Amino acid sequence: MSNYHIKHLEEYYQVYRKSIRDPENFWEEIAGEHFLWRKKWDKVLDWDFKKPEIKWFEGAQLNITENCIDRHLTTKSDQTAILFEPNDPNEEAEHITYGQLHKRVNQFANVLKEQGVKRGDRVCIYVPMIPELAISLLACARIGAIHSVVFAGFSSKALATRINDSDCKMVITADGSYRGSKTIDLKGIVDEALKSCKGVQTVLVAKRINSEITMKAGRDKWLQPLLDKASYKCKAEIMNAEDPLFILYTSGSTGKPKGMVHTTGGYMVYTAYTFKNAFQYKENDVYWCTADIGWITGHSYIVYGPLANGATTVLFEGVPSYPDFGRFWDIVDKHKVNQFYTAPTAIRALAKQGVELIQKYDLSSLKVLGSVGEPINEEAWHWYNDNVGKSKSPIIDSWWQTETGGIMITPIPYVTPTKPTYATLPFIGIQPCLMDEEGKQLKGNQVDGRLCIKFPWPSIARTIWGNHQRYKETYFSAYDNMYFTGDGALRDEVGYYRITGRVDDVIIVSGHNLGTAPIEDAINEHPAISESAIVGFPHDIKGSALYGYITLKDAGESRNHENLRKEINQLISDRIGPISKLDKIQFTTGLPKTRSGKIMRRILRKIASKDTSNLGDTSTLLNPECVQDIMDNAL
Ligand code: WT7
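What you see as residue numbers is a count from 1 along each chain, following the sequence as written. Under the rules for a predicted model, residues below a pLDDT of 70 receive no local features and side-chain atom pairs below 80 are neither given nor counted, while totals for whole chains, interfaces and linings still include all residues. The basis for every side-chain value is the complete set of non-hydrogen atoms in the structure, without hydrogens or water.

## Remarks on the overall build of the protein
1) Next: What the protein contains, in helices and strands, is 20 helices and 31 strands.
2) Next: Classification of the 635 residues of the protein by burial places 61% in the buried group.
3) Next: Between two residues, a contact is recorded if the distance between any of their heavy atoms is within 4.5 Å. In the protein, the proportion of contacts linking residues at least 24 apart, taken out of those at least 6 apart, comes to 71%.
4) Next: Method for areas: the Shrake-Rupley scheme with a 1.4 Å probe, in which residue coverage is limited to the protein chains shown. Carbon and sulfur atoms make up 48% of the accessible area of the protein, which amounts to about 24300 Å² in all. Numbering of helices and strands starts at the N terminus; helices are DSSP runs of H or I of at least 4 residues and strands are runs of E of at least 2. Relative accessible area decides the class of each residue, using a 1.4 Å probe on protein chains only: under 20% of the type maximum gives buried, over 50% gives exposed, and in between gives partly exposed.

Below, the structure written as structure tokens:
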């Protein structure tokens, strides 16, 4: 039998070696024994990182929803697939069984078809964390439409850019959303966005907050009446393994967001296999990932990975602070959650609240704790381990990316001994390496370099929608024949990896991946501003926060700086979303630049971090005099 479920360390090493020595046979076995294929592949793997071109299970046919739903019906029709916990703790949780999920996905799929959506069409999903969100992804997959989920916290501008980039013909949304004590007018944001999206023919609107909204005749349709009329039988479209399953946008260090394209067969196999092992999921466990489905974490580890394993996955609408900071623990207790997966930023925010809020609840169901999204600092790790896990639930610090589709470096709980702040060992089939800046591979242990991956894995993104050249330049050009992650890492004396953070201009704020360029572009639209530079600085809760250095066109102008700061953050909120707002804004007379005109962010980063004892070489600057001025006025 294959090695689908790894149970001890020796087995990990043995299976790992097998997966590296003979990847094709290894993945063929995993894929062949644990999934439902309409037709098996002609070839397991075809790849060329130079082109780059990567194909897994070519020639195979399947539908991912048959794997995530239909095949569980014989044994699990009455088991909860999705456990929906509403924003308001007084609203009853909803248990959606595999049987019900099957019907609801099929009805939704039939509505999509009736509304003219065809295989290969792109559908934008801008829906809050309600069951319709998960169901809409699966409904698209059922009929072979490509979903593009946009996190329902993005602004209308950001939404429009994403809709247009991938030519979506339909948008699925809701009248509004709940977020703690607030409501958000989602439909209004969609209306605003669609003023500049000519390709969208239909908007399906789920009812959530019962607000008054305007429906544009011919374009906007309430979802529920259409679902009520639809048949709950819908034959799954038979897809090729390499057909796109979805597009998901992620920030780059420059330019517009990148629409990462994930395909069907390899993504399914890898997310399912990692889910089973990284969380040691066992039958009847209740698993909860607190991420939003708008991010890759939610795609892979709320929807596809858990459902492919027939798991029970919690979908939580609310926020950790509502009605108070005990909410997470209340949910763990109420639903007897066994695996809990969250982000360091949430852990730090909760740690600030003191332990009384935890002690009120019974957390004894917990077996595995997960962390993802950014490096977890030592203090937060210990707090999580001691207070939430009571030192008995291993923490898996799992490193991966939108581009990797699934978890890449992680301890396997109860298998890999953990070490605070270390993501530890590569997952089965993953071949990481560390490179120096000259392009030399660093051999041996106790080295520090740039993290690359030498060999393809089944869920690697295959391209950037509409821009294969950018895919090549971003990921496969820094080092020959390797996928470059953009992260720095070190390897300790036993071969454990510790991720040290981004080495490019991407800043991770509260676990959200933000590129500096789009934020700077938004700021520079302000008529009074000549230029700006954004850097990250350490923040207690967010991990990193944003610090903006801004020069005004007319330095002598006596504008009210407080008002300007508000205007700048409003501009950022409108263009990108409130998550990109700046914590600190310093007005400067100039920005330090190299002779080629490039802003020397290294210096700005040090000043923002109050680490100015050694600014490094500033002799190559065009305008070294501005550095002292910036230091004198630093916030
Ligand atoms: C970047 C990817 C994939 C999950 C959500 C984020 C950082 C992610 C860790 C970790 C240190 C981490 C990296 C990575 N990151 N997990 N366990 N330890 N850093 O996906 O938005 O594509 O961001 O998040 O810098 O490159 P994403």
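## What about the site of the ligand?
1) Next: The nearness test applies per residue and asks whether one of its heavy atoms lies within 4 Å of the molecule or strand. Near the ligand lie 17 residues; those nearest to it are Asp 397, Ser 398, Thr 402, Asp 487 and Arg 502.
2) Next: With respect to the ligand, the backbone of Ser 398 contributes an N or O atom lying 2.8 Å from a nitrogen atom.
3) Next: Polar contacts, as used here, are pairs of N or O atoms within 3.5 Å; protein pairs need one atom able to donate a hydrogen and one able to accept it. Residues neighboring in sequence count only if both atoms are side-chain atoms. One nitrogen or oxygen atom from the side chain of Thr 402 is found 2.6 Å from an oxygen atom belonging to the ligand.
4) Next: Isolated, the ligand exposes 550 Å² of accessible area, and the fraction of that covered by the protein chains is 95%.

## Here's the deal with the sheet that holds strand S22 (residues 441-442)
1) Next: Read from one edge to the other, the open sheet built from five strands follows the order S22-S21-S23-S25-S26, with strand pairing classed as antiparallel. The outermost strands of the open sheet, each flanked by one partner alone, are S22 and strand S26 (497-502).
2) Next: Two elements, strand S25 (residues 483-491) and S26, share five bridges in a ladder whose sense is antiparallel. Paired with Gly 488 across the strands is Gly 501, a residue of S26. Pairing between strands requires that DSSP locate at least two bridges from one strand to the other.

## Looking at the packing of aromatic side chains
1) Next: Stacked, tilted and edge-to-face pairs are distinguished by plane angle, under 30 degrees for stacked and over 60 for edge-to-face with tilted covering the rest, among Phe, Tyr and Trp rings (Trp via its six-membered ring) whose centres lie within 6.5 Å. Going through the model one piece at a time under the given rule, you end up with 47 aromatic pairs.
2) Next: Plain terms: the ring middles of Trp 27 and Tyr 270 are 5.8 Å apart, the flat faces sit at 55 degrees to each other, and that makes the pair tilted. Note that Trp 27 is positioned in helix H2 (residues 23-34) and Tyr 270 in helix H10 (residues 265-278), a separation of 243 residues in sequence. Each member of the pair, Trp 27 together with Tyr 270, is buried.
3) Next: Measuring from centroid to centroid gives 5.5 Å for Tyr 273 and Phe 427, while their planes differ by 75 degrees, and the two rings are edge-to-face. Of this pair, Tyr 273 sits in helix H10 while Phe 427 sits in the loop between strand S20 (395-397) and strand S21 (432-435), and the two are 154 residues apart along the sequence. Residues Tyr 273 and Phe 427 agree in their burial class; the two are buried.
4) Next: Among the aromatic residues, those joined into a ring-pair cluster are Tyr 4, Phe 26, Trp 27, Phe 35, Trp 37, Trp 41, Trp 56, Phe 57, Tyr 270, Tyr 273 and Phe 427.

## Side note on the environment of Trp 383
1) Next: Its location among the elements puts Trp 383 in helix H15 (residues 378-388).
2) Next: For Trp 383 and Ala 351, which are 32 residues apart along the polypeptide, the C-alpha to C-alpha distance reads 6.8 Å.
3) Next: In this structure Trp 383 touches Trp 329, Ile 347, Leu 350, Ala 351, Val 355, Ile 358 and Val 388, once residues within four positions along its chain are discounted.

## Considerations on the environment of Leu 564
1) Next: The topology assignment puts Leu 564 in helix H18 (residues 561-575).
2) Next: Accessibility expressed as a relative area gives 1% for Leu 564, which makes it buried.
3) Next: Apart from residues lying up to four places away in sequence, Leu 564 is in contact with His 526, Leu 552, Arg 559 and Phe 587.

## A closer look at the domain arrangement of the protein
1) Next: Note that domain bounds follow an automatic or database assignment of domains. Assigned domains within the protein: domain 1 (1-37 + 235-503), domain 2 (95-232) and domain 3 (506-632).
2) Next: Inter-centroid distance (C-alpha atoms) of domain 2 to domain 3 is 36 Å.
3) Next: Between domain 2 and domain 3, the contact holds five residues from the first and six residues from the second.
4) Next: Buried area is a sum: the accessible area each of two parts loses on coming together, probed at 1.4 Å, counted once for each and added. Summed over both partners, the interface of domain 2 with domain 3 comes to about 460 Å²; 59% of that surface belongs to carbon and sulfur atoms.
5) Next: By the criterion of area lost to domain 3, the three top residues of domain 2 are Phe 154, Ser 155 and Lys 157, representing 66% of everything that side buries.
6) Next: The rule for a salt bridge is simple: a side-chain nitrogen of Lys or Arg has to be within 4 Å of a carboxyl oxygen of Asp or Glu. Viewed at the interface, domain 3 and domain 2 are joined by zero salt bridges.
7) Next: The tally of links from domain 2 across to domain 3 stands at three residue pairs in polar contact (both at pLDDT 80 or more).

## Considering the pairing of S25
1) Next: Of all the nine residues making up S25, eight are buried; the element is thus mostly covered by neighbouring parts of the structure.
2) Next: With six bridges joining them, strand S23 (residues 447-453) and S25 adopt antiparallel strand pairing. Along S25, the bridge assignment pairs Arg 450 with Gly 488.
3) Next: What sits between S25 and S26 in their antiparallel hairpin is a turn of five residues, with Gly 495 showing a positive phi close to 95 degrees.

## A look at unusual backbone geometry
1) Next: For the peptide bond that leads from Lys 51 to Pro 52, omega is -20 degrees, which places it in the cis range.
2) Next: With respect to the element layout, Pro 52 can be found in the loop between strand S1 (43-48) and strand S2 (53-58).
3) Next: The step from Tyr 322 to Pro 323 runs through a cis peptide bond, and the omega angle for that step is -5 degrees.
4) Next: Here Pro 323 shows up in the loop between strand S17 (312-316) and helix H12 (327-335).
5) Next: Even without being a glycine, Gln 280 presents a positive backbone phi close to 45 degrees.
6) Next: Turning to its location among the elements, Gln 280 is positioned in the loop between H10 and strand S16 (286-289).
7) Next: Phi angles above zero are rare outside glycine, and Tyr 414 is one such case at about 65 degrees.

## A look at H10
1) Next: The span one expects for a helix is its residue count, reduced by one, times 1.5 Å. Compared with the 20 Å implied by 1.5 Å per residue over 14 residues, the 20 Å span of H10 between its first and last C-alpha is a close match.
2) Next: Most of H10 is tucked away: 14 of the 14 residues are buried.
3) Next: In the stretch just after H10, Gln 280 is the one whose phi turns positive, near 45 degrees.

## Some remarks on the side chain of Thr 424
1) Next: Among the secondary structure elements, Thr 424 is positioned in the loop between S20 and S21.
2) Next: Thr 424 gets classed as buried once you look at its relative accessible area, which sits at 0%.
3) Next: Discounting chain neighbours no more than four positions away, the residues touching Thr 424 are Ile 409, Thr 410, Pro 411, Thr 416, Pro 417, Thr 418, Lys 419, Gly 495, Tyr 496 and Tyr 497.

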